[in-house]
Amino acid sequence: SVVPNVASMRARSTTSPLVPGSIAVTVGSALWLIFTLVGLSHSGAAIWLLVMLITPPVTFIAIRYLRSQRAIQDDKQLKSL
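All of the points below concern the structure found in this document.

Details of helix H3 (residues 45-80)
- The end-to-end C-alpha separation of H3 is 53 Å, in line with the 52 Å expected for 36 residues at 1.5 Å each.
- Buried residues of H3: Ile47, Val51, Thr55, Thr59, Ile63, Asp74 and Leu78, and no others.

Thoughts on the packing of aromatic side chains
- Summed over all chains, the structure comprises one aromatic pair.
- With 4.9 Å between their ring centres and 75° between their planes, tryptophan 32 and tryptophan 48 make a pair best called edge-to-face. Of this pair, tryptophan 32 sits in helix H2 (residues 18-38) while tryptophan 48 sits in helix H3; the two residues are 16 residues apart in sequence, bridging distant segments of the chain.

With respect to the environment of serine 43
- Its place among the elements puts serine 43 in the loop between H2 and H3.
- Within the structure, the side chain of serine 43 is placed 3.1 Å from the side chain of serine 41, a separation counted as a polar contact.

Calculation rules
- Residues numbered from 1 in each chain as written.
- Predicted model: local features only at pLDDT ≥ 70, side-chain atom pairs only at ≥ 80, totals over all residues.
- Heavy atoms only, no water.
- Helix = DSSP H or I, 4+ residues; strand = E, 2+ residues; numbered from the N terminus.
- Expected span 1.5 Å × (residues − 1).
- Buried < 20%, exposed > 50% of the residue type's maximum accessible area, 1.4 Å probe, protein only.
- Phe/Tyr/Trp six-rings, centres within 6.5 Å; stacked < 30°, edge-to-face > 60°.
- Polar contact = N/O pair within 3.5 Å; in protein donor to acceptor, adjacent residues only side chain to side chain.

Below is the structure:
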């Protein structure tokens, strides 16, 4: 078995630069689909406004959640060494 370097685990980034963008695209697409199925028009301002206002907070919350879960997993792995 390979033993991870403890110093490198603490120094690594908890999120990739691609994670926030990927989350935002996924959330925006899901919201667009939901609002379309609800009946909002693609050319109306409501769907655009809702997607643009809801996507950033959901992305922020998701990144914080992922970061906290990653820290918990890292701590568990460090304690098991």
